[in-house]
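Residue-level listing of the chains:
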Protein chains: 2
Amino acid sequence: MGLTKSDIFTEEQNNLALLFKVLGHPARVAILQYIINKKACICNDLVDELGLAQATISQHLKELKSIGIIKGSIEGKSVCYCIDEKKWNNVQNTFNDFFNQEVQTNQCC
Amino acid sequence: MGLTKSDIFTEEQNNLALLFKVLGHPARVAILQYIINKKACICNDLVDELGLAQATISQHLKELKSIGIIKGSIEGKSVCYCIDEKKWNNVQNTFNDFFNQEVQTNQCC
DNA sequence: TTTATATATTGCAATATTACGATATTAATT
DNA sequence: AATTAATATCGTAATATTGCAATATATAAA
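Reading guide: rules and limits
- The written sequence of each chain sets the order in which its residues are numbered from 1.
- Ligands are numbered from 1 and chains lettered from A, in the order in which they are written.
- Local features in this predicted model are restricted to residues whose pLDDT is 70 or higher, and side-chain atom pairs enter the listing and the counts only when it is 80 or higher, whereas totals over whole chains, interfaces and linings include all residues.
- Secondary structure elements are defined from DSSP: runs of H or I of at least 4 residues count as helices, runs of E of at least 2 residues count as strands, and each element is numbered from the N terminus.
- Our exposure labels follow a C-beta count within 10 Å of each residue's own C-beta, placed from the backbone: buried means 20 or more other C-beta atoms, exposed means 12 or fewer, and partly exposed covers the counts in between.
- Each residue gets a C-beta atom placed from its backbone, and two residues are in contact if those atoms lie within 7 Å.
- What sets the superposition is a least-squares fit of C-alpha atoms, and only residues with pLDDT of at least 70 in both copies go into it.
- DSSP-based pairing: two strands are paired if at least 2 bridges between them are found.
- Three residue categories are used. Nonpolar comprises Ala, Val, Leu, Ile, Met, Phe, Trp, Tyr, Cys and Pro, charged comprises Asp, Glu, Lys and Arg, and polar comprises the others, including Gly.
- A set of buried residues qualifies as a nonpolar core if it consists of Ala, Val, Leu, Ile, Met, Phe, Trp, Tyr and Cys joined through C-beta atoms within 7 Å.
- Confidence scores here are pLDDT values: one per residue, from the predictor, ranging 0 to 100.

Naming follows an unreviewed UniProt entry, where chain A appears as DNA-binding transcriptional regulator, ArsR family of Paenimyroides ummariense.

### Considering the overall build of chain A
The secondary structure content of chain A amounts to five helices and two strands. Start at the N end of chain A and walk to the C end: the helices and strands fall as α-α-α-α-β-β-α. The principal-axis extent of the C-alpha atoms belonging to chain A is close to 60 × 35 × 25 Å. A total of 109 residues make up chain A; the buried ones form 28% of that total. Taking all contacts inside chain A whose residues are at least 6 apart in sequence as the whole, residues at least 24 apart take part in 47%.

### Considerations on the environment of arginine 28 of chain B
Residues and elements named next belong to chain B. If you trace the backbone, arginine 28 turns up in helix α2 (residues 26–37). C-alpha separation for the pair arginine 28 and histidine 60, spaced 32 residues apart in sequence, amounts to 6.2 Å. Not counting residues up to four positions away in its chain, the partners in contact with arginine 28 are Val22, Leu23, His60, Glu63 and Leu64.

### Thoughts on the relation of the copies chain B and chain A
For the match of chain B to chain A, the screw axis carries a shift of 0.0 Å, the RMSD comes to 0.0 Å, and the turn is 180 degrees. Such a combination of rotation and displacement between the chain copies is what one expects of a two-fold axis. In this assembly, 100% of the residues forming the interface of chain B have copies in chain A that are likewise at the interface, indicating an isologous arrangement.

### So, the pairing of strand β2 (residues 78–83) of chain A
Residue and element names in this part refer to chain A. Across six bridges, strand β1 (residues 70–75) lies against β2 in antiparallel orientation. Within β2, the residue paired with isoleucine 70 across the bridge is isoleucine 83. In textbook terms, the turn of a hairpin is the stretch between consecutive antiparallel strands, and for β1 and β2 this stretch comprises two residues, one of which, glycine 76, has a positive phi near 70 degrees.

### Digging into the interface of chain B and chain A
Listed as interface residues are 41 residues of chain B and, on the opposing side, 41 residues of chain A. Looking at the side of chain B that touches chain A, the elements with two or more residues in it are α1 (11–23), α2, β1 (70–75), β2 (78–83) and α5 (85–99) of chain B. Looking at the side of chain B that touches chain A element by element, the count peaks at seven residues for α1 of chain B. By residue class, the composition of the side of chain B that touches chain A is 22 nonpolar, 14 polar and five charged.

### A closer look at the nonpolar core
The nonpolar side chains of soluble globular proteins are, as a tendency, buried together. In terms of nonpolar packing, the biggest core is built from 49 residues, with Ile31 and Ile35 of chain A together with Ile31 of chain B touching the most fellow members. Apart from the residues within four sequence positions on either side, isoleucine 31 of chain A is in contact with Leu46, His60, Leu61 and Leu64 of chain A.

### A word on the confidence of the model for chain A
Here chain A averages 92 in pLDDT, and 95% of its residues register 70 or above. The least confident element of chain A is β1 of chain A, whose mean pLDDT is 93; the most confident is helix α1 (residues 11–23) of chain A, at 98.

As structure tokens, then:
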């Protein structure tokens, strides 16, 4: 198997899980933190900063871009990446909506 | 390959990514939502509710337990699972700390 | 004690992910 | 036009994840 049965879940569940999944890798967390901390937007510096090959970084950036949390703009021969603030806040809100669901007082454990 | 290079990232980055990763599957999102929505804590109902085999559900529950976001207590021959509220809030706070990092105004894109 | 019920674990097949070298592609520079 | 530099894509090997049947374990009920 190895195939997630996404058809048996709601659109909402699949979407939420996808957001979590994309953030669920230390390299992608590190990339986001790096982009946030530097005043300017970055690209190839990530290869030097993290100890990963250029192809690997490019792949992680692609995944982050796929959920829209970062965006890139071509600057000459390099690409400048930055956080998409609107999406960033949107993802945070989506997560908070999930966590703010009323947790009932346990009737067991 | 296929091996995440966790040694090149900080403890914090690995921990945060792990939390996201465990939540990054629709079945686990669905399990959490189900446990939250029902007043009482559940166990085998999940097998009926979601269309997954008992072994599969058990495995997902194990992963959720591994980060402490749910806990189970033995109730006769069944196990009652519920949200660990303390950890639940803790995870939410951890995520919010991450998202509340100051996003600098873009100098590109 | 035997049987039934609920959950966990094991083993395995199918698919996904991670990582990287090699190779495009694209744009600036010479 | 040729070269350099930055990034993306392709192909592939190694590992991880998902899912399930089969089996083990544990407790309640008969």
